[in-house]
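The chain contents come next:
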Amino acid sequence: MDKKCQEEQFTGIIKFTPPLYKQRYQFIKDLVGKYKPKKVADLGCADCTLLWMLKFCSCIEVLAGLDICASVMKGKMHRLSPLPGDYLQLAERSLTITLHHGSVAHKDPCMLGFDLVTCIELMEHLEESELKKFPEVVFGFMAPSIVVISTPNSEFNPLLPGVTLFRHPDHKFEWNRVQFQSWALETARCYDYSVEFTGVGRPPKGMENVGFCTQIGVFFRKYPQTSESTQCEKPPEAVYKTVFKVVYPSLKDEKYLQNAVVSEVIFTAQIIKRSLLDRLMSEHEEFNDDPTETKSKFQPSMKCFSEDLGKLVVEQSMEPFVNGSVVYIPLRTIFSFPKVNRLCGTFEKLCKLIAGKVTLSSDGSAVMFNTEHENEEN
């Protein structure tokens, strides 16, 4: 039976609101919001629900999941793929999500360099031999800045109807608060971490002495990891099998950034061109008795700029103008628009990104449009 379904069956009478598993995930989201880690790994990620929730956290750039059961991950991993909207509205941050099949009792270099590692309801599923290796793998080898471990509090079990020994048939043990805190404090001491204890799933009123339904330990590494500590032993060979990897489209990717900039430049230039031609047409009609004749023979050849767009002009050379049947929109004018400016950062970057993608004047200082199509439409 699925872990969450089994849990809901036993905790339903207690009426945890929101459900207990959601409270655990929310605890992690709140922690991410507070410490802003860029790289997060979830050990024992199961159906990838926590990873799916964390992919929406804007600070995270790398997400990794590890589980001993590949079929469970594969059944839900499609939720981690980008949606159509992710390609239409590109994020400014990069995001890579990877899922690995393997055991937390084994070391693999793909799990190095993470800021936060979560182990949510994982420990109680480990065999005794795996549990002995677990601290060295997570705290000694991976050595992230923060580790979060949650596990059932066995003192709460008498309040859960139907629980005779353990909450789930796959549990190898369930610790009370003294047992968990003793293990956590000793682990923290051995690997130079501090640890804070808390939990989720408050007991009913009058039963506060049993503690939280889920007990949580939050470990903080005391000292930054040095290059010497990471090189003291030969890196192990890869033992995990990668079952899923996706890189989200983002403005960090030069290819996507270039497409976004070119589209925005053309869009902005079209707005400026349309405003310029409308103004020219309006002024030209004031001096012509036959508006129909004006539209059919209109060939603007003077400089003109709309009043609203004129506010963006900071020097004379930035004014768009018409010469014969060609409209010239200076790149400096386009760059002054907030969205273009934000996308490119510098004028030099703008020039580099649109090179060969947009029709420019001979000196490369302006975007060019032909007005003949405008006349045909009018």
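Refer to the preceding data block for the structure.
What you are looking at is a predicted structure, and each value in this text was computed from that prediction instead of being measured.

Visitor: Even after reading the chapter, I still don't get the overall build of the protein chain, so can you show me in this structure?
Guide: When helices and strands are tallied, the protein chain shows 15 helices and 11 strands. The buried share of the protein chain, taken over its 378 residues, is 46%. The contacts in the protein chain between residues at least 6 apart in sequence include a share of 73% that link residues at least 24 apart. By element, 53% of the accessible surface of the protein chain is carried by carbon and sulfur atoms, the whole surface being about 20,000 Å².

Visitor: Help me understand the sheet that holds strand S10 (residues 326-330), please; the structure alone is not making it clear to me.
Guide: Overall, antiparallel pairing links the 3 strands, which are arranged S9-S10-S11 in an open sheet. Two strands lie at the open edges of the sheet, namely strand S9 (321-323) and strand S11 (366-370), each paired on one side alone. Along the sheet, successive strands turn relative to each other by an average axial angle of 30°, direction set aside. Bridge analysis of S9 against S10 gives 3 bridges, and the strand direction is antiparallel. Each bridged residue has a counterpart across the sheet, and for Phe321 the counterpart in S10 is Tyr328.

Visitor: Just checking my understanding: could you explain unusual backbone geometry for this structure?
Guide: Leaving glycine aside, a negative phi is the common case for residues, and trans is the common case for peptide bonds. Thr17 connects to Pro18 through a cis peptide bond whose omega is -5°. Relative to the elements of secondary structure, Pro18 occurs in the loop between helix H1 (3-11) and helix H2 (20-35). Within the chain, Cys48 stands out as a residue other than glycine whose phi angle is a positive 70°. Within the secondary structure layout, Cys48 lies in the loop between strand S1 (39-43) and helix H3 (49-54).

Visitor: Which parts of the structure should I look at to understand the pattern of salt bridges?
Guide: Side chains that differ in charge, positive against negative, can pair when their charged atoms come close. Enumeration according to the criterion identifies 8 salt bridges in this entry. The salt bridge partner of Glu186 is Arg189, with a shortest N-O separation of 2.6 Å. Here Arg189 and Glu186 lie together in helix H7 (residues 177-190), a separation of 3 residues that amounts to about one turn. The shortest N-O distance in the salt bridge between Asp278 and Arg274 comes to 2.7 Å. Of this pair, Asp278 and Arg274 both sit in helix H9 (residues 254-285), 4 residues apart, roughly one helical turn. Residue classification places Asp278 among the partly exposed residues on the basis of a relative accessible area of 41%. Using a relative accessible area of 28% as the deciding quantity, one classes Arg274 as partly exposed.

Visitor: It is not clear to me how the nonpolar core should be interpreted in this structure. Could you clarify?
Guide: Inside soluble globular proteins, nonpolar side chains tend to come together where they are buried. Within the largest apolar cluster, 42 residues are counted, with the highest numbers of intra-cluster contacts made by Leu54, Ile60, Leu99 and Val148. For this core, the elements supplying multiple residues, two or more each, are H2, H3, strand S3 (96-101), strand S4 (116-120), strand S5 (146-152), strand S7 (214-221) and strand S8 (241-247). Here this core gets 7 residues from one element, more than from any other, and that element is H2. Discounting chain neighbours no more than four positions away, the residues touching Val148 are Phe27, Ile28, Leu31, Leu116, Val117, Thr118, Cys119, Ile120, Ile216, Gly217 and Val218. Judged by nonpolar contacts, the second largest core, of 31 residues, contains Leu43, Val117, Phe141 and Phe180.

Visitor: Hey, could you run me through helix H6 (residues 128-142) in this one?
Guide: Side chains of residues three or four places apart in an α-helix project in the same direction, reflecting 3.6 residues per turn. Taking 1.5 Å of rise per residue, the 15 residues of H6 would be expected to cover 21 Å, and the 20 Å separating its terminal C-alpha atoms lies within 8% of that figure. Buried residues of H6: Leu131, Phe134, Pro135, Val137, Val138, Phe139, Phe141 and Met142, and no others. Where H6 is buried, its residues touch S1, S4, S5, H7, strand S6 (193-200) and S7. Of the residues one or two after H6, Ala143 is the one with positive phi, at around 45°.

Visitor: What is the right way to read the environment of Leu31 from this model?
Guide: Structurally, Leu31 can be placed in helix H2. When its relative accessible area of 10% is taken as the criterion, Leu31 is described as buried. Those residues in contact with Leu31 that sit more than four places away from it in its chain are Lys36, Leu116, Ile146, Val148 and Val218.

Visitor: Just checking my understanding: could you explain the side chain of Glu121 for this structure?
Guide: With respect to the helices and strands, the residue Glu121 is situated in the loop between S4 and H6. Assessed through its relative accessible area of 9%, Glu121 is described here as buried. For Glu121, the side chain forms a polar contact with the side chain of Ser150, separated by 2.7 Å.

Visitor: How should I be thinking about the environment of Thr198 in this particular structure?
Guide: Structurally, the position occupied by Thr198 is in strand S6. Its relative accessible area of 30% is what places Thr198 among the partly exposed residues. Sequence-distant contacts of Thr198, that is, excluding residues within four places in its chain, are made with Phe27, Phe212, Thr214, Gln215 and Ile216.

Visitor: Whenever I open this one, the side chain of Thr187 confuses me. Can you help?
Guide: Structurally, Thr187 is set in helix H7. In terms of polar contacts, Thr187 uses its side chain to reach the backbone carbonyl oxygen of Trp183, at 2.9 Å. Apart from residues no more than four positions distant in its own chain, Thr187 is found in contact with Pro135 and Phe139.

Visitor: I would appreciate a short explanation of H7 in the present structure.
Guide: With 14 residues, H7 extends 20 Å from end C-alpha to end C-alpha; this agrees with the ideal 20 Å at 1.5 Å per step. Looking at the buried side of H7, the elements it contacts are H6, S5, S6 and S7. Regarding H7, its N-cap is Asn176, as a side-chain oxygen of that residue lies 3.1 Å from the backbone nitrogen of Val178 further along.

Visitor: Any chance you could explain the sheet that holds strand S2 (residues 62-67) here in plain terms?
Guide: Sheet strands associate in pairs through backbone hydrogen bonding, adopting either a parallel or an antiparallel arrangement. With mixed pairing, 8 strands are arranged side by side in an open sheet as S6-S7-S5-S4-S1-S2-S3-S8. Edge positions in the sheet fall to S6 and S8, since each of these pairs with one other strand and no more. This sheet shows a mean twist of 15° between the axes of neighbouring strands, independent of strand direction. Of the pairings in the sheet, the one linking S1 to S2 comprises 5 bridges and is parallel in character. The residue of S2 that forms the bridge with Asp42 is Gly65. This element, H6, spans S1, S4, S5, S6 and S7 of the sheet and lies at about 160° to S5. H7 contacts S5, S6 and S7 of the sheet and is inclined by roughly 155° relative to S6.

Cut-offs used in this document
Residues numbered from 1 in each chain as written. Predicted model: local features only at pLDDT ≥ 70, side-chain atom pairs only at ≥ 80, totals over all residues. Heavy atoms only, no water. Helix = DSSP H or I, 4+ residues; strand = E, 2+ residues; numbered from the N terminus. Buried < 20%, exposed > 50% of the residue type's maximum accessible area, 1.4 Å probe, protein only. Contact = heavy atoms within 4.5 Å. Areas by Shrake-Rupley, 256 points an atom, 1.4 Å probe, with all protein chains shown as cover. Pairing = 2+ DSSP bridges. Axes fitted to C-alpha atoms, helices over the stretch in contact; angles between N-to-C directions. Salt bridge = Lys/Arg side-chain N within 4 Å of Asp/Glu carboxyl O. Core = buried A, V, L, I, M, F, W, Y, C linked by side-chain atoms within 4.5 Å. Expected span 1.5 Å × (residues − 1). Polar contact = N/O pair within 3.5 Å; in protein donor to acceptor, adjacent residues only side chain to side chain.

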